[in-house]
Amino acid sequence: MSAGDAILFEALMKDVYITRTSSYLPNAPVSNSEIESVIGRLKKQPERVKQFVLANNGILTRYYAIDPKTGKKTHTNAKLASEAIETLLTDAAIPLEQIEGLACGTSSADQLIPSHANMVAGEVGMAPAEIVSTAGVCASGMSAFKYAYMDVALGGARNFVVTGSECASAFMEVKQYEPLIDALHANPDVVPMVAFEKEFLRWMLSDGAGAVLLESEPRSGSVNFKVESVALRSWAGQLPVCMYAGMNKSKEGDLTFWFDEDDRSQIPQKGYLLLQQDARVLEAHMVDVAVQGLTYLIDEQGFDVDRVDWFLPHLSSMYFKDVLMEQFEANGVRLPEKKWFTNLADKGNTGSASIFIMLDELARSGRLQKGETVFCAVPESARFTMAGMLLTVC
């Protein structure tokens, strides 16, 4: 885009506001000692991965869409999103039929087809409207947000509902691991232990949904945020796969996919459908991507980071917090700890929903003042993406 086109484009864009926020977390909070009573215990599996991950991630409680007494699912992903939407619209006192757009991001849709947003629209009973689904992992909620923001800014819609939602427990229940564990123990040529990358995320993730209402005018009765900028950048062309499902990855980095298995019984036995993470790749690249991405967002959007009053980072683990603070400072990004706001410890890592759940909690805290700036940053490890937005309280 030429400089002249950019100026014209900006002149055509309208102001956009987040006029309401909401979140929904299913059932009662689950403490570290209660995890296996809800999602089950892996038989014949040592506890060292669990103990290592919980000792480092700083998460004390999380939420699962599972009845702890019966073990039955209580919510689909679409239902979690619909609960957040219903709260959002009730708080805004706006009828569902007046919503002109719905954008939904997730990494854990209930089905392959149709898209997640289609299922959410069906769950809430939306009138005919524009809808869009964004895939990915943690940044998929921000991808959905940017689509909705651009639509409202360019006058395509007067309002848009955006959701991020995750039902990660569907990947983490013991029944998903049983075929793999049984196959390992039946094979005398392999060590009968679930690999670290296949178990790691079992102790990291949480279920939940967050939603925001975007409009072209502020709405009275609650905190509003003017959207100053939104940006995303991906390093997928330069870096390897880190977080994945539906495929397996060898130590050499070779990928095999579930649909290439001639014997379909091998799909669960080889753990294809488990949510996995290559911790070595995560350790090697995540902090660098977060620092480069944050620097890019600041430089590209042209704002003074010293004027940021609140920094809302999506953190997969508190393990990264001190490292990020140190690297930000080393790269001239001054975001002292007093500006950080996170609820990872008590809400858990809710992936694409986390930034909206954080924003909702901060908006309802009574701590915000008009004119303050809020900077939200979402690093994603799937194949490394950074997303961010700058907001002004109004």
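Residues numbered from 1 in each chain as written. Predicted model: local features only at pLDDT ≥ 70, side-chain atom pairs only at ≥ 80, totals over all residues. Heavy atoms only, no water.

A. Representation of the overall build of the chain. A count of helices and strands for the chain gives 14 helices and 15 strands. Since a compact globule built from 394 residues should have a radius of gyration of about 21 Å, the 21 Å found for the chain is in line with a globular shape. Taken along its principal axes, the extent of the C-alpha atoms in the chain is 70 × 50 × 40 Å. By residue count, 53% of the 394 residues in the chain fall in the buried class. Taking all contacts inside the chain whose residues are at least 6 apart in sequence as the whole, residues at least 24 apart take part in 81%. In the chain, 35 side chains carry a positive charge and 50 a negative one; their mean positions are 4 Å apart. (Helix = DSSP H or I, 4+ residues; strand = E, 2+ residues; numbered from the N terminus. Rg over C-alpha atoms; globule rule 2.2 N^0.38 Å. Buried < 20%, exposed > 50% of the residue type's maximum accessible area, 1.4 Å probe, protein only. Contact = heavy atoms within 4.5 Å. Lys, Arg positive; Asp, Glu negative; His and termini not counted. Charge placed at Lys NZ, Arg CZ, Asp CG, Glu CD.)

B. Just the pattern of salt bridges, in detail. If you walk through the whole model with that rule in mind, you get 16 salt bridges. For the salt bridge of Lys43 with Asp182, the shortest nitrogen-to-oxygen distance reads 2.9 Å. Here Asp182 lies in helix 8 (residues 174-186) and Lys43 lies in the loop between helix 2 (35-39) and helix 3 (48-57), a separation of 139 residues in the sequence. With a closest N to O distance of 3.6 Å, Asp278 and Arg280 form a salt bridge. The exposure class assigned to Asp278 is buried, which follows from its relative accessible area of 8%. With relative accessibility at 53%, the residue Arg280 sits in the exposed group. By sharing partners, the salt bridges in this structure join Asp91, Asp360 and Arg364 into a single network. (Salt bridge = Lys/Arg side-chain N within 4 Å of Asp/Glu carboxyl O.)

C. Expanded view of the sheet that holds strand 13 (residues 310-313). One open sheet holds the nine strands; their spatial order is 5-4-6-7-1-8-15-14-13, and the pairing between them is mixed. Both outer strands of the open sheet, strand 5 (130-134) and strand 13, are each paired with one neighbouring strand and no more. Adjacent strand axes in the sheet meet at a mean angle of 20° when their direction is disregarded. Helix 4 (residues 77-92) rests against strand 1 (17-24), strand 4 (101-105), strand 6 (159-166) and strand 7 (208-215) of the sheet, and its axis sits at about 130° to strand 1. (Pairing = 2+ DSSP bridges. Axes fitted to C-alpha atoms, helices over the stretch in contact; angles between N-to-C directions.)

D. Local environment of the environment of Ala284. By the secondary structure assignment, Ala284 is in helix 11 (residues 279-301). Given the relative accessible area of 44%, Ala284 is considered partly exposed.

E. Up close: unusual backbone geometry. The omega torsion across Ile113 and Pro114 is 0°, close enough to zero to call that bond cis. One can find Pro114 in the loop between strand 4 and helix 5 (116-124). With phi around 60°, Asn27 is a residue other than glycine that occupies positive phi space. Tracing the chain through its elements places Asn27 in the loop between strand 1 and strand 2 (30-31). Judged by relative accessible area, which is 34%, Asn27 ranks as partly exposed. The phi torsion at Ala93 lies on the positive side, around 55°, for a residue other than glycine. Along the polypeptide, Ala93 turns up in the loop between helix 4 and strand 4. Looking at Ala93, the relative accessible area reads 63%, which means it is exposed.

F. Focus on the environment of Ala183. Among the secondary structure elements, Ala183 is positioned in helix 8. Taking C-alpha positions, Ala183 is 10.0 Å from Gly271, a pair spaced 88 residues apart along the chain.

G. Structural view of helix 6 (residues 140-153). The terminal C-alpha atoms of helix 6, which comprises 14 residues, lie 20 Å apart, in line with the 20 Å expected from a rise of 1.5 Å per residue. For helix 6, a buried count of ten out of 14 residues is recorded, marking the element as mostly surrounded by other parts of the structure. The set of residues buried in helix 6 consists of Ser140, Gly141, Met142, Ala144, Phe145, Ala148, Tyr149, Asp151, Val152 and Ala153. (Expected span 1.5 Å × (residues − 1).)

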